[in-house]
Amino acid sequence: MQYVMLIYLDSQRWSTLSTDERNRVHQECGAWHEALVKSGHSRSCSGLQPPSTATTLREAHGKTIITDGPFAETKEFLGGFEILECAHLDEAIAIAKRFPGLRVGTAVELRPHVVGNECKD
Amino acid sequence: MTLGELHREHYGRILASLIRAVRDFTLAEDALQEAFAIAVAQWPQKGPPPNPVAWLLATARNKAIDQIRHRAMAAHKHEEMITLATLEESAPEPADTLRLIFTCCHPAIAPEAQIALTLHTVCGLTTEEIARAFLVPVPTLAQRLVRAKTKIKLAAIPYSIPGDDELPSRLSAALHVVYLVFNEGYSASSGTEIIRADLCADAIRLARQLVGLLPLEREPRALLALMLLNDARRPARTDASGDLVLLEDQDRTLWDRAKIAEGTALLDAIFSHTSPSPSPTTAWGKSLRGAPYALQAAIAALHANAPTADKTDWPQIAALYALLAQLTPSPIIELNRAVAIAMSGHLENALTLLDQLDLPGYHRLPAARADLLRRTGRFPEAAVAYGEALSLVRNDAERRHLQKRLQEVSTSSP
């Protein structure tokens, strides 16, 4: 069973942190991820550059419209994601609970991962 | 035992065992429904099998196996097939029901769906019955149930009793749901019977399992005590025609003394290290902070141990309700407190308190007002309040009781 762990940063809270504190959180997140790779719970994690670097595509009246910026402008933004390999939701919750970003206002969303053309019910 | 009785008493237990094996609520429910349908068709002619519960479990299991084969999803259904094939053909496992409760009450399930799902799967209540109890439209409730079941399946919410680290934080939801099951049985929200003894017995059995699981926790024991003390009065709560008998009119020799003794002993053990004081506002009050079930059990113990209705310690009961209201403010608790105040002899204070309460659609508030008005001799006002209560009541036995009272005050009116 795979879960995608979506990591949402609180931009306001994040901006109040000192550089040292941010580096520390990054470092701890790195260690958290390394431990998951070792235990076989994760193969890869993906960090994302901030929303200011995003480009959004939509289609309207048969034309593709390309705009600067994220799909939705919100206080919280998707900062990255991790694919977890777990037996069930409780295991994924236990891993997510240890995510160091939680203590600096990051929210984590766990969603079952649909692989290939697996039926969705 | 008729099929209807079998369905009532064993549906939840059989379903729990099936769910453990297939991990799919809908598949398990469909298979069990099919098994009951076959029983309806076959038993009247052939006669029931020697062990009807085992037969239902085995038939449902075979139906589930057929269904999984039919889906032909061999690869990752293999494990379930093995579990299913080895599922014992004897009685369902009691721990399965507890696993099912913790699954239904998982924090990843919306709170309003947790209770509905438990009542539906563990107690076998229909969508219609639950919708009526929660005062929500049937389609809304049906949608909630479907969403919750789908989430359990797709998000792989485990079908297990949580580990030691998670258990205490998950316990309160489980206790709450067990108590709701008991209440549904003790005061059926709908139907022709006021009491559903099967649900009361289920809830007590589940509470015993929770006590066994967490012998050092106070609230599971307090909940068990509370339910035993209430259930002890059950034989006296209805008369021969199924009508409700008020606490003060009950034949106390019908009360189950063994249950009262067990409930009281549990409660004594809870308080033994805090040296209970006769005044609940002092020592008990302090030790009961954060203990809603212990407070309610203490109230039930005062009722159950009173030799006669006249000798009930109503002032102490009113004081315990006041503590309970502080802990978990609710108009229902205030309603009960008002009744206790009235029984202490302060009818006017109680009426004033009732006038401040707002419980739209709940028949017990006008019923309590009507009763107090009757006791103060204000019969015409009482008649109006009985009428209001009658327009809201859903249970037939309670309706008959209210009608009897309405007749009394109407014929006594000047």
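Residues numbered from 1 in each chain as written. Chains lettered and ligands numbered in written order. Predicted model: local features only at pLDDT ≥ 70, side-chain atom pairs only at ≥ 80, totals over all residues. Heavy atoms only, no water.

Novice: What's the story with the overall build of chain A in this structure? I'm lost.
Specialist: Counting its secondary structure elements, chain A contains three helices and six strands. Ordering the α and β elements of chain A from the N terminus gives β-α-α-β-β-β-β-α-β. In terms of its C-alpha atoms, chain A occupies a principal-axis envelope of roughly 50 × 45 × 20 Å. Per-residue burial for chain A yields a buried fraction of 29% across its 121 residues. Looking at chain A alone, contacts between residues at least 24 apart form 74% of all its contacts between residues at least 6 apart. (Helix = DSSP H or I, 4+ residues; strand = E, 2+ residues; numbered from the N terminus. Buried < 20%, exposed > 50% of the residue type's maximum accessible area, 1.4 Å probe, protein only. Contact = heavy atoms within 4.5 Å.)

Novice: How should I be thinking about the packing of aromatic side chains in this particular structure?
Specialist: A ring pair, where both rings are aromatic, is described by two values, the distance of the centres and the angle of the planes. All names here are of chain B. Per the stated rule, a full pass over the model turns up four aromatic pairs over all chains. Ring geometry for tyrosine 179 versus tyrosine 293: centroids 5.7 Å apart, planes at 80 degrees, classification edge-to-face. Within this pair, whereas tyrosine 179 is found in helix 9 (residues 167-186), its partner tyrosine 293 is found in helix 14 (residues 292-304), the two being separated by 114 residues in sequence. Using a relative accessible area of 10% as the deciding quantity, one classes tyrosine 293 as buried. Taken together, a centroid distance of 5.4 Å and an interplanar angle of 15 degrees make the contact between phenylalanine 182 and tyrosine 186 stacked. Linking phenylalanine 182 with tyrosine 186, this pair stays in helix 9, spanning four residues, or about one helical turn. By the burial criterion, phenylalanine 182 is buried, and tyrosine 186 matches it. Cation over ring: arginine 233 sits above tryptophan 255, and NZ or CZ is 6.0 Å from the ring centre. Just above the ring of tyrosine 186 sits the side chain of arginine 237; from NZ or CZ to the centre is 3.8 Å. (Phe/Tyr/Trp six-rings, centres within 6.5 Å; stacked < 30°, edge-to-face > 60°. Lys NZ or Arg CZ within 6 Å of the ring centre and 35° of its normal.)

Novice: It is not clear to me how the sheet that holds strand 6 (residues 107-112) of chain A should be interpreted in this structure. Could you clarify?
Specialist: For sheets, the rule is that strands pair by backbone hydrogen bonds, running either parallel or antiparallel. All names here are of chain A. Within the open sheet, the four strands sit side by side as 2-5-1-6. Their pairing is antiparallel. For this open sheet the edge positions go to strand 2 (42-47) and strand 6, each flanked by a neighbour on one side alone. Direction aside, the axes of adjacent strands within the sheet are offset by 20 degrees on average. Bridging between strand 1 (residues 2-10) and strand 6 involves six bridges; their strand directions are antiparallel. What sits directly across from methionine 5, in strand 6, is leucine 110. In the packing of helix 2 (residues 19-39) onto the sheet, the strands contacted are strand 1, strand 2 and strand 5 (76-85), and the crossing angle to strand 2 comes to about 155 degrees. (Pairing = 2+ DSSP bridges. Axes fitted to C-alpha atoms, helices over the stretch in contact; angles between N-to-C directions.)

Novice: I keep staring at empty space enclosed by the protein and nothing clicks. Help me out?
Specialist: A water-sized probe, rolled over the atoms, reveals where empty space remains. All names here are of chain B. Evaluated as defined, the whole model comprises one cavity of 30 Å³ or more. Taken as a whole, the largest cavity holds about 30 Å³ of empty space. Contributing to the lining of the largest cavity are Gly12, Arg13, Thr97, Val122, Asp202, Arg205 and Leu206. Contributions of two or more residues to the lining of the largest cavity are made by helix 1 (3-22) and helix 10 (197-213). Here the lining of the largest cavity gets three residues from one element, more than from any other, and that element is helix 10. Taken together, the residues of the lining of the largest cavity sort by class into two nonpolar, two polar and three charged. (1 Å grid on protein atoms, 1.4 Å probe; cavity = no way out; pocket = protein on both sides within 12 Å on 5 of 7 lines; lining within 4 Å. Points joined across faces, edges and corners; volume = space filled by probe spheres on them. Nonpolar A, V, L, I, M, F, W, Y, C, P; charged D, E, K, R; others polar.)

Novice: Would you mind showing me how to read the pattern of salt bridges here?
Specialist: Charged atoms that come close allow side chains of opposite charge to pair. The final tally for this structure, using the stated rule, is 30 salt bridges over all chains. Among the salt bridges present, the one from A:Glu109 reaches A:Arg111, with a minimum N-O distance of 2.6 Å. For A:Glu109, a relative accessible area of 28% gives the class partly exposed. Classification of A:Arg111 by relative accessible area gives partly exposed; the value is 45%. B:Glu348 is paired through a salt bridge with B:Arg378; the nearest N and O atoms lie 3.7 Å apart. Of this pair, B:Glu348 sits in helix 17 (residues 347-355) while B:Arg378 sits in the loop between helix 18 (364-375) and helix 19 (379-392), and the two are 30 residues apart along the sequence. Look at the salt bridges and you will find they share partners, linking B:Glu248, B:Asp371, B:Arg374, B:Arg375, B:Arg405 and B:Glu408 into a network. (Salt bridge = Lys/Arg side-chain N within 4 Å of Asp/Glu carboxyl O.)

Novice: Is there a simple way to explain the side chain of B:Arg405 in this structure?
Specialist: All names here are of chain B. Its place among the elements puts arginine 405 in helix 20 (residues 396-412). The class of arginine 405 is buried, set by a relative accessible area of 14%. The residues contacting arginine 405, other than those within four sequence positions of it, are Leu246, Asp249, Asp371, Arg374 and Tyr386.

Novice: I'm lost on the pairing of strand 3 (residues 55-60) of chain A in this one. Help?
Specialist: Along any regular strand, the residues point their side chains to alternate faces of the sheet. Direction of pairing for strand 3 of chain A relative to strand 4 (residues 63-68) of chain A: antiparallel, over a ladder of six bridges. Bridge pairing links A:Thr56 to A:Thr67 in strand 4 of chain A.

Novice: Is there a simple way to think about the packing of helix 18 of chain B against helix 19 of chain B in this case?
Specialist: A pair of packed helices can be characterised by two numbers: the angle between their axes and the separation between those axes. All names here are of chain B. Direction vectors running N to C along helix 18 and helix 19 enclose 160 degrees, while the axes themselves pass 8 Å from each other. Classified by the interaxial angle, the pair formed by helix 18 and helix 19 is roughly antiparallel. Helix 18 and helix 19 meet at a crossing whose hand is left-handed. From helix 18, Pro366, Ala367, Ala370, Asp371, Leu373 and Arg374 reach across to helix 19, where they touch Phe379, Glu381, Ala382, Ala385, Tyr386, Glu388, Ala389 and Leu392. The residue makeup of the contact of helix 18 with helix 19, split by class, is ten nonpolar, no polar and four charged. (Parallel < 35°, antiparallel > 145°, perpendicular 65-115°, else oblique. Left-handed = near helix turned anticlockwise from the far one by under 90°.)

Novice: How should I be thinking about the side chain of B:His401 in this particular structure?
Specialist: Considering the arrangement of structural elements, one finds B:His401 in helix 20. B:His401 has contacts with B:Leu244 and B:Leu246, leaving out every residue within four places of it along the chain.

Novice: So what exactly am I meant to see when it comes to the interface of chain A and chain B here?
Specialist: Each partner contributes to the interface: chain A provides ten residues, whereas chain B provides ten residues. Regarding the contact of chain A and chain B, the summed buried area is about 830 Å², with carbon and sulfur atoms giving 60% of it. Linking chain A with chain B are two salt bridges. A:Lys97 serves as the salt-bridge partner of B:Glu166, at 2.4 Å between the closest nitrogen and oxygen. At four residues, the largest contribution of residues to the side of chain A that touches chain B is made by helix 3 (residues 89-97) of chain A. Its residues placed into classes, the side of chain A that touches chain B shows five nonpolar, one polar and four charged. (Buried area = accessible area lost by both parts, 1.4 Å probe.)

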